[in-house]
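Listed here are the chains, written in short residue letters.
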Amino acid sequence: MNASPSRLAAGAATVTVLLWASAFVSIRSAGAAYAPGALALGRLLSGALALGVICLLRREGLPPRAAWRGIAISGLLWFGFYMVVLNWGEQQVDAGTAALVVNIGPILIALLSARLLGDAMPPRLLAGMAVSFAGAVTVGLSMSGDGGSSVLGVVLCLLAAGAYAAGVVAQKPALGAASALQATTFGCLVGAVVCLPFAGQLVHDAARAPVSATLNMVYLGVFPTALAFTTWAYALARTTASRMGATTYAVPALVVLMSWLFLQEVPGPVTLGGGALCLAGVAVSRSRPRKSPPVPEPHTTPEQVPAAESQAES
């Protein structure tokens, strides 16, 4: 039996969230050897190469003209600017503060999509986002270190959140004309072009970086970028930008879990509680109200019909 489109979209969103959460673990390794711009460019080039091969095998052509505006804006802001600024910001503040500030993004997505795309904001979505944001705040505060933040770092993370939100809202209408693979491939190419000024730094860092850091950079390009951005676009084309933005609140909880499993960073009870709040909020935001049972229509018995007719005749 074929899976329903809604289940496929939910599965695609799950793949995206898992891979984006894994990116935080890989960035810790690659970011120690690569400068922010060089890491972004290396990641985007790896992703563009993987996506280009898939497009050739599937014989995907150029996106329709109607989609280019949204693809260009999302490529500039989300694939390019966001990745550079986020990498830079995470070097200026601790991981908890970065996660806290960047998680303003889904709220900005909801506000922008309601204003520009006319997305509805049902009470369950708003309630779920409020719960998830409270969880993100809890995780961020519990992970923040003393003196690990700077004004520059907070500003950079705010810029990253804004670029992320604007990129998502710009990509949504483009998916009405282009496929998820087309939107992701050419958005990634635009981002790579934007980051080309860091090519010299990338060559310099690659010559000195350990193999593990370079492999993590390639992993970031192939999986959290090429695959995860494609599954994101697939799911976004089948739901609202607000609902997809709320889904990403599962990322902080998964990052806590993956850091525990792969980096042996044992989370405290407050961090675990915040992660649970993030997941609970996502569940609420993606839930749908139960449909009320249909009210039965009044039934007229055969005996009532003649009586009614006889009254009308009289």
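Above this note sits the structure.
Trainee: For this particular structure, what's the right way to read the overall build of the protein?
Mentor: Looking only at helices and strands, one finds 14 helices and zero strands in the protein. Across the protein, helices and strands are ordered from the amino to the carboxyl terminus as α-α-α-α-α-α-α-α-α-α-α-α-α-α. Carbon and sulfur atoms make up 68% of the accessible area of the protein, which amounts to about 15600 Å² in all.

Trainee: Just checking my understanding: could you explain the nonpolar core for this structure?
Mentor: In a soluble, globular protein the nonpolar side chains are often hidden away together inside. Ranked by internal contacts, the top residues of the largest apolar core, which has 79 residues, are Y34, W78, Y82, V168 and W232. Of all the elements, helix α1 (residues 5-30) adds the most residues to this core, at eleven residues. Among all residues touching W78, those that are not within four sequence positions of it are W20, I73, M83, A163, Y164, G167, V168, Q171, F229 and W232.

Trainee: Can you help me understand the packing of helix α2 (residues 36-58) against helix α10 (residues 211-236) in this one?
Mentor: Axis angle and axis distance: for two packed helices, these are the angle between their axes and the distance between the axes, and together they describe the pair. Two numbers describe how α2 lies on α10: the axes approach to 7 Å, and their chain directions differ by 55 degrees. Comparing their axes, α10 and α2 come out oblique. The hand of the α2/α10 crossing is right-handed. Each of A38, L39, G42, R43, S46, G47, A50 and L51 in α2 lies in contact with α10, whose residues at this interface are M217, V218, L220, G221, V222, P224, T225, A226, F229 and T230.

Trainee: I tried to follow the environment of P123 on my own but got confused; where do I start?
Mentor: Assignment of secondary structure puts P123 in helix α6 (residues 123-143). Its relative accessible area of 67% is what places P123 among the exposed residues. Between the C-alpha atoms of P123 and V284, which are 161 residues apart in sequence, the distance is 9.9 Å.

Trainee: Please clarify how the environment of L254 should be interpreted in this entry.
Mentor: If you trace the backbone, L254 turns up in helix α12 (residues 250-262). Dropping the residues within four chain positions of it, L254 is found in contact with V17, L18 and A21.

Trainee: What is the right way to look at unusual backbone geometry in this model?
Mentor: Apart from glycine, the bulk of residues carry a negative phi angle, and the bulk of peptide bonds sit in the trans form. In this structure, R59 is a non-glycine residue whose phi angle is positive, near 55 degrees. Structurally, R59 is set in the loop between α2 and α3 (65-92). With relative accessibility at 77%, the residue R59 sits in the exposed group.

Trainee: Would you mind going over the environment of R124 with me for this structure?
Mentor: Within the element layout of this structure, R124 appears in helix α6. A C-alpha to C-alpha distance of 6.2 Å links R124 and V284, two positions 160 residues apart in sequence.

Trainee: So what exactly am I meant to see when it comes to helix α5 (residues 105-117) here?
Mentor: Every α-helix winds through 3.6 residues per turn, so residues three or four apart in the chain are directed the same way. Within α5, the full set of buried residues consists of G105, P106, I109, A110 and S113. Taken down its axis, α5 places every buried residue within 140 degrees of arc, on the same side. Turned more than 90 degrees from where α5 packs its buried face, L111 and R115 sit exposed. Looking one or two residues beyond α5, the residue adopting positive phi is G118, at roughly 75 degrees.

Trainee: Honestly, the packing of aromatic side chains in this entry has me stumped. Any pointers?
Mentor: For any two aromatic rings, the description comes down to two numbers: the centre-to-centre distance and the angle of the planes. Using the criterion set out here, one finds eleven aromatic pairs in the structure. Here W78 and W232 contribute two aromatic rings whose centre-to-centre distance is 5.5 Å and whose plane-to-plane angle is 70 degrees, an arrangement assigned as edge-to-face. Of this pair, W78 sits in helix α3 while W232 sits in helix α10, and the two are 154 residues apart along the sequence. Take W78: its relative accessible area is 1%, and that puts it in the buried class. Here W232 falls in the buried class, since its relative accessible area comes to 1%. Relative to Y164, the ring of Y82 has its centre 5.9 Å away and its plane inclined at 40 degrees; by these criteria the two rings are tilted. Linking Y82 in helix α3 with Y164 in helix α7 (residues 151-174), this pair joins segments that are 82 residues apart in sequence. Both residues of the pair, Y82 and Y164, count as buried.

Trainee: Looking at this structure, how should I read the side chain of T225?
Mentor: Looking at the secondary structure, you find T225 in helix α10. For T225, a relative accessible area of 0% corresponds to the buried category. A polar atom in the side chain of T225 sits 2.6 Å from the side chain of R43. Only 2.8 Å separates the side chain of T225 from the backbone oxygen of L220, close enough to count as a polar contact. Those residues in contact with T225 that lie beyond four places of it in its chain are R43, M83, T184, C188, L220 and T230.

Trainee: What should I look at first to understand the packing of α2 against helix α9 (residues 199-208) in this one?
Mentor: Direction vectors running N to C along α2 and α9 enclose 90 degrees, while the axes themselves pass 8 Å from each other. With respect to each other, α2 and α9 are oriented roughly perpendicular. Contacts between α2 and α9 involve A38, L41, G42 and L45 on the former and, on the latter, A199, Q201, L202 and D205. When its residues are assigned to classes, the contact of α2 with α9 shows five nonpolar, two polar and one charged.

What counts, and where the lines are drawn
- Residues numbered from 1 in each chain as written.
- Predicted model: local features only at pLDDT ≥ 70, side-chain atom pairs only at ≥ 80, totals over all residues.
- Heavy atoms only, no water.
- Helix = DSSP H or I, 4+ residues; strand = E, 2+ residues; numbered from the N terminus.
- Areas by Shrake-Rupley, 256 points an atom, 1.4 Å probe, with all protein chains shown as cover.
- Core = buried A, V, L, I, M, F, W, Y, C linked by side-chain atoms within 4.5 Å.
- Buried < 20%, exposed > 50% of the residue type's maximum accessible area, 1.4 Å probe, protein only.
- Contact = heavy atoms within 4.5 Å.
- Axes fitted to C-alpha atoms, helices over the stretch in contact; angles between N-to-C directions.
- Parallel < 35°, antiparallel > 145°, perpendicular 65-115°, else oblique.
- Left-handed = near helix turned anticlockwise from the far one by under 90°.
- Arc of directions from axis to C-beta.
- Phe/Tyr/Trp six-rings, centres within 6.5 Å; stacked < 30°, edge-to-face > 60°.
- Polar contact = N/O pair within 3.5 Å; in protein donor to acceptor, adjacent residues only side chain to side chain.
- Nonpolar A, V, L, I, M, F, W, Y, C, P; charged D, E, K, R; others polar.

These figures come from the coordinates and say nothing about function on their own.
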